[in-house]
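Report on the structure
Chain by chain, the residues:
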Amino acid sequence: MTDAPPATAPLVALKDIHKTFGAVSALRGVSIDVMPGETFALLGDNAAGKSTLMKVLTGVYQPDRGSIELDGKRTEFPTPSASRDQGVEMVYQDFALADNLDVRTNIFLGREPQKNILGPLLRIIDRKKMESETKRVLERLDIPINPRLKVKRLSGGQRQAVAIGRALAFDARLIIMDEPTANLSVAKVDKLIEVTQRLKDLGIAVIIITHRLDEAFAVADRFAVMRQGQVVGRFRVGEVSEAQVAHLISHGTLDDYVDTGSGIPEERRKIGSTSSMETVDALAVRGTTNGSDL
Amino acid sequence: MSITMDNLKTKLGPAELKEGLTATKVKRFIGDYGIIILFVVILVFLAAAAPNFLTLNNIVNVVRQSSIIGLIALGMTFIMITAGIDLSVGSVVGLAGMTFALLAPASGGAFWLPLIAGLGVGLLVGFLSAAMVVWGAILPFLATLATMAIARTAALVITDGQVVSGLSGPAEWLGSGFIGPVPVPVIIFLVAAIICEFVLSRTKFGSHVYAVGGNEESAKKVGISTSRVLFTVYLIGGVTAALGGLVLTARLDGAAPVAGTGYELQVIAAVVIGGTSLFGGVGTIRGTVIGVLLLGVVMNGMNLMGVSSYFQQGVQGVILVLAVLLNRWKSD
């Protein structure tokens, strides 16, 4: 992969990430990579390690071992702001909004544009800029909301748009969405498809953390399945059935999967170990006794 | 009958919605401007009913009397917007005032030393409260109940409960002086109010104060140092309470260790009347100034009309309840 043309090089690659908390191994050699503009889903049960992995990518946790590459260059995210500065933005499950503040203030919360009055010592918030930028990013998402509306007046979908708009306002190249439909009233998978498509059109890569198969299958180009701190499978959507993935999530292997008819052809269920990145696109499932690295 | 925008939109048809919206609009108006309307009504009533109410002398007097509670209320507004509270302000008034009174004669003409020492005491108590709230994760009510007791004890211990009187000339000026026709305490209050209004409504820090009060977890997630915000508001609260204590001491030309007892409740009442929510996230300095002046005017009016002081606290209580009810109808 080293001599691959830049256009197909991963935007971000996490390599062999290990993280332990006391006696608990939360991540045991996890590697994933996401292409520019790609929508990538990270599937797995609670405690599979999805959130820990994303906290490594957003600078909340430091890995014990392993590396992060951005545009093929090794980098470090010692703090959440370091990660954000390099274009990695997180959209939290609860959207991390303050209900008492308006849309524009929420979009720029913590990173307010300022302007000088009476010299550089006295600086005030540049609300005009906040308002025009807010309009701009929400238009890009095709979800116009009055920038002066208090967030408490918004619907779940609009709140999500504000949270995503926050990422766009700071030129995100990769947006991580944690359980994006968990806080939406009805199952709004359709709306999520629209939004992720929109982000794809804008050339922004998306990682969706989810335990919902329908969500992952509907929006993702590729996905990885995690279980007990390891990646147990990587697929392109269409290569496997939801039933197989469900089996993989709960068992960590497809060795004992019984095809009930709707699955994929036998020869494609290539079971075994490999450490080659070339198999990313193929159906590759780690055997139960093999090394942690896929 | 409680109507909110949300259940209106979901439960009513178009015709009912329109009617409901008009009702909502009326409520919003009352919620947003009710206190100002009430203030104006009280002013008009007192102008007609109370002798000497509308004299320049009396108006200056009202604002001067309100300026001490007003100063303390400015800091309290910051704290309450973060969903906190500071019960120690009355004790800070006592302790800072005492520090000021003890140092003022000793320092001869040097006016700044006792001033800075007094404000420093306020900062110290604010720091203690903040340390308990932020590092100790103790509820603000309990943390400041503790600093309230500690600061009061300190004020009593350093003078063995004695009153200290007789300040030097410039110190006294802080309480009784004039700049032009305007009393010095009024100028201090107005300048402090303008600075606080500016900081809260225009600066990044001000915006973060609202964010911490609205949703502390969200504020943390977007990278705001919530501990720094909380520390700062309790320090502001300590300084403004100390400033109130200095002005009170200067005005009385002396300090009693029990000075300021019970001020916390008056201050909290004024801030709430001004539209700040005890749950945090909502409030303005403008509102607080109105709340302070409204209470000051009512007290003054009752005095002028010869209303028994037994009634006065009860009237304050009625206004407080009225204000809380009005705040429910506020827009947003």
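First, a word on what this report is: a plain description of the structure on this page. Here the residue numbers are simple positions, counted from 1 along each chain's written sequence. Starting at A for chains and at 1 for ligands, labels are handed out in the order in which the entities are written. Only residues with pLDDT of at least 70 are given local features in this predicted model, and only at 80 or more are side-chain atom pairs given and counted; all residues enter the totals for whole chains, interfaces and linings. Side-chain metrics rest on all non-hydrogen atoms present in the structure, leaving aside hydrogens and water.

A word on the overall build of chain B
- Put simply, DSSP marks the helices as runs of H or I at least four residues long and the strands as runs of E at least two long, and each gets a number from the N terminus on. Check the secondary structure of chain B and you find 14 helices and 4 strands.
- To sort residues, take the accessible area from a 1.4 Å probe on protein chains only and compare it with the maximum for the residue type: under 20% means buried, over 50% means exposed, and anything in between is partly exposed. When the 332 residues of chain B are sorted by exposure, 49% land in the buried category.
- Residue exposure ignores everything except the shown protein chains as possible cover, and the areas themselves are Shrake-Rupley values with a 1.4 Å probe. When the accessible surface of chain B is totalled, it reaches about 15000 Å², and 70% of it is carbon and sulfur.

Here we look at the nonpolar core
- For this analysis, a nonpolar core means a set of buried residues of the types Ala, Val, Leu, Ile, Met, Phe, Trp, Tyr and Cys, connected via side-chain atoms within 4.5 Å. Judged by nonpolar contacts, the single largest core of 94 residues is most densely connected at Leu-71, Ile-72, Leu-74, Phe-100 and Leu-174 of chain B.
- When near neighbours in sequence (up to four residues on either side) are disregarded, Leu-174 of chain B contacts Phe-100, Phe-111, Leu-115, Val-184, Pro-185, Ile-188, Leu-246, Val-247 and Ala-250 of chain B.
- Within the second largest apolar cluster, 33 residues are counted, among which are Ile-125, Leu-138, Ile-145 and Ala-169 of chain A. Contact definition: two residues touch when any of their heavy atoms are within 4.5 Å.

Side note on the environment of Arg-328 of chain B
- When you line up the elements, Arg-328 of chain B lands in the segment after α14 (309–327).
- Judged by its relative accessible area of 65%, Arg-328 of chain B is exposed.

Some words on the interface of chain A and chain B
- Tallying the contact residues gives 24 residues for chain A and 21 residues for chain B.
- Roughly 2000 Å² is buried in total at the junction of chain A and chain B, and carbon and sulfur atoms are behind 51% of that figure.
- Buried area adds together the accessible area that both of two parts lose upon being put together, with accessible area traced by a 1.4 Å probe. Contact with chain B buries surface across chain A, with Asn-100, Leu-109 and Arg-153 of chain A losing the most and accounting together for 26% of the total.
- The rule for a salt bridge is simple: a side-chain nitrogen of Lys or Arg has to be within 4 Å of a carboxyl oxygen of Asp or Glu. Viewed at the interface, chain B and chain A are joined by 1 salt bridge.
- Here Lys-221 of chain B and Asp-94 of chain A are joined by a salt bridge, their closest N and O atoms 2.8 Å apart.
- Any pair of nitrogen or oxygen atoms within 3.5 Å is treated as a polar contact; in protein, a donor-acceptor pairing is required on top of that, and neighbouring residues in sequence qualify only through side-chain atoms on both sides. Linking chain A with chain B are 9 residue pairs in polar contact (both at pLDDT 80 or more).

Notes on helix α12 (residues 263–273) of chain B
All names here are of chain B.
- The element α12 is largely enclosed, with a buried count of 9 among its 11 residues.
- When α12 is considered as a whole, its buried residues turn out to be Tyr-263, Glu-264, Val-267, Ile-268, Ala-269, Ala-270, Val-271, Val-272 and Ile-273.
- Once α12 ends, the next one or two residues include Gly-275, with phi positive near 100°.

Quick notes on the packing of helix α9 (residues 204–214) of chain B against helix α11 (residues 226–252) of chain B
All names here are of chain B.
- Running from amino to carboxyl end, α9 crosses α11 at an angle of 105°, the nearest separation of the two axes being 10 Å. By the criterion of interaxial angle, the relationship of α9 to α11 is roughly perpendicular. Residues Phe-205, His-208, Val-209 and Val-212 of α9 form the contact with α11, whose own contacting residues are Thr-226, Val-229, Leu-230, Thr-232, Val-233 and Ile-236.
- Classification convention: Asp, Glu, Lys, Arg as charged; Ala, Val, Leu, Ile, Met, Phe, Trp, Tyr, Cys, Pro as nonpolar; all other residues, Gly among them, as polar. Of the residues belonging to the contact of α9 with α11, the class tally is 7 nonpolar, 3 polar and no charged. Axis lines are fitted through C-alpha atoms, for helices just across the contact stretch, and the angle between N-to-C directions can take any value from 0 to 180 degrees. Any angle that falls under 35 degrees is termed roughly parallel, while one over 145 is termed roughly antiparallel, one within 65 to 115 roughly perpendicular, and all others oblique.

Concerning the sheet that holds strand β1 (residues 12–21) of chain A
Residues and elements named next belong to chain A.
- Any two strands are treated as partners once DSSP identifies two or more bridges connecting them. Taken in spatial order, the 4 strands make up an open sheet running β2-β1-β4-β5, and their pairing is antiparallel. Each of the sheet's edge strands pairs with one partner strand only, and the pair in question is β2 (24–34) and β5 (73–75). Taking the axes of each pair of neighbouring strands and ignoring which way they run, one obtains an average angle of 30° across the sheet.
- As paired strands, β1 and strand β4 (residues 65–70) are joined by 5 bridges and run antiparallel to one another. Bridge pairing in β4 links Val-12 to Leu-70.

Remarks on the pairing of strand β12 (residues 230–236) of chain A
All names here are of chain A.
- β12 sits mainly inside the fold: 6 of its 7 residues count as buried.
- Bridge count for strand β11 (residues 222–227) against β12 is 6 bridges, and the pairing is antiparallel. Paired with Phe-223 across the bridge in β12 is Phe-235.
- Between β11 and β12, which pair antiparallel one after the other, the connecting turn spans 2 residues, and Gln-228 there sits at a positive phi close to 50°.

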